[in-house]
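A closer look at the structure
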Amino acid sequence: TWHLKKIPQIVSERTFSLDSPKFEAKTKLELNSVCGIECQRKLPVPRSSDLKDLLSYETVFENGTRTLTEVNVLGLVLDPAGNTTTRRSSRKKRQIYGTDSRFSIYDKRFMTNFPFNTAVKISTGCSGILISPKHVLTAAHCLHNGKDYVKGSKRLRVGLMKTKSRGNGRKRKGTKRNGMPSFQWTRVKSTHIPKGWFKGVSGDIALDYDYAVLELKRPHKRKYMELGISPTIKMMPGSMIHFSGFDNDRSGQLVYRFCSISDESNDLFYQYCDAEPGSTGSGIYLRLKEPNKKKWKRKIIAVYSGHQWVDVNGEQQDYNVAVRITPLKYAQICFWIHGNDENCTQG
């Protein structure tokens with residue numbers, strides 16, 4: 001069951017103008033020197049003042065201007081347990097683990113209907129997921145390498161899978177006959193990235209804040225996926241998660257997969273869902289029962305951050321890592337969507 005939780009408030013305090021970014025960074029879909037399982041265990045519990053800094057955020061607009069918004073966090077109860085992890089199992093170094101368990105979705109009835117139609121393609125080479133009529137959730141490193149915005153992010157676009165061709169059955173330019181999806185590309189009006197992403201990149205990269213929200217220039221009219229607060233592994237049916245994205249090795253195809261989670265920390269899931277670059281930024285979702293109802297509902301509980309190398313007991317091991325949507329991150333993303341905290345009191 002989805003359990004309602006009281007959400008801390010993210011309140012905007014002041015906004016500053018910053019210099020325009022250079023937009024010269026290269027997109028890097030696999031990160032090294034990541035603060036992994038062992039490193040996460042040693043991290044101190046962040047203080048309220050730290051969280052205010054980490055959850056302050058940059059906004060980049062389509063004309064290249066940039067602002068920094070400082071925030072305050074109200075009603076937060078800090079977890080004294082710190083960034084603990086639960087260890088389950090270890091696997092070998094590969095992005096496809098054993099038999100490739102990914103499914104390419106060819107049937108347009110599935111591709112263009114919920115939940116698969118919520119998956120979108122980002123013009124920098126990543127995936128994302130629709131979270132409102134005009135917002136997309138993706139990974140921060142698809143847009144920013146920690147020092148500068150990536151080259152393609154100045155004229156950022158989002159590709160939504162087309163539902164049907166117009167005209168008298170004739171093939172329109174840009175559509176494909178072989179069953180692969182074609183995209184309707186929409187310009188991005190603004191991009192929000194938490195300051196925590198910039199903070200963590202100086203030494204070991206902290207993936208905890210590897211998420212971003214894009215506001216589209218024009219709203220879409222399709223069904224989107226709601227946000228949910230990430231439950232612990234024990235509270236998931238079979239510890240299973242699901243996500244769909246556009247893996248590079250299956251060009252033009254929508255690729256769906258599901259798997260169980262191996263380890264978790266307060267902010268991250270470590271799992272072995274088969275995935276290749278291109279699916280980074282996909283929304284990871286679960287289907288649980290609504291409270292006091294018989295209805296089931298899918299909600300996004302994490303953002304797929306990609307295939308990462310992490311230090312475990314002094315050795316480099318690989319995982320496919322996802323950033324969990326905690327109550328704090330829920331509050332921040334909800335604030336970005338609505339522009340206020342009044343709609344974000346329950347998650």
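Residues numbered from 1 in each chain as written. Predicted model: local features only at pLDDT ≥ 70, side-chain atom pairs only at ≥ 80, totals over all residues. Heavy atoms only, no water.

A closer look at the environment of leucine 54
Mapped onto the secondary structure, leucine 54 falls in helix 2 (residues 48-55). Look at leucine 54 and you get buried, because its relative accessible area is 18%. Sequence spacing of leucine 54 and glutamate 70 is 16 residues, and the spatial spacing of their C-alpha atoms is 9.5 Å. (Helix = DSSP H or I, 4+ residues; strand = E, 2+ residues; numbered from the N terminus. Buried < 20%, exposed > 50% of the residue type's maximum accessible area, 1.4 Å probe, protein only.)

Remarks on empty space enclosed by the protein
Within this structure, the stated rule accounts for four cavities of 30 Å³ or more. Looking at the largest cavity, its volume works out to about 90 Å³. Residue lining of the largest cavity: Val60, Phe61, Glu62, Leu143, Tyr149, Ser153, Lys154, Leu156, Val188, Lys189, Ser190 and Thr191, and that is the complete set. Those elements that place two or more of their residues in the lining of the largest cavity are strand 2 (57-61) and strand 9 (183-194). By residue number, the principal contributor to the lining of the largest cavity is strand 9, which donates four residues. Classifying every residue of the lining of the largest cavity gives six nonpolar, three polar and three charged. (1 Å grid on protein atoms, 1.4 Å probe; cavity = no way out; pocket = protein on both sides within 12 Å on 5 of 7 lines; lining within 4 Å. Points joined across faces, edges and corners; volume = space filled by probe spheres on them. Nonpolar A, V, L, I, M, F, W, Y, C, P; charged D, E, K, R; others polar.)

Re helix 5 (residues 327-338)
The terminal C-alpha atoms of helix 5, which comprises twelve residues, lie 16 Å apart, in line with the 16 Å expected from a rise of 1.5 Å per residue. With respect to burial, helix 5 is a largely interior element, ten of its twelve residues being buried. Glycine 339 lies just past helix 5 and shows a positive phi near 80 degrees. (Expected span 1.5 Å × (residues − 1).)

Function cannot be read off these values alone, since they describe shape.
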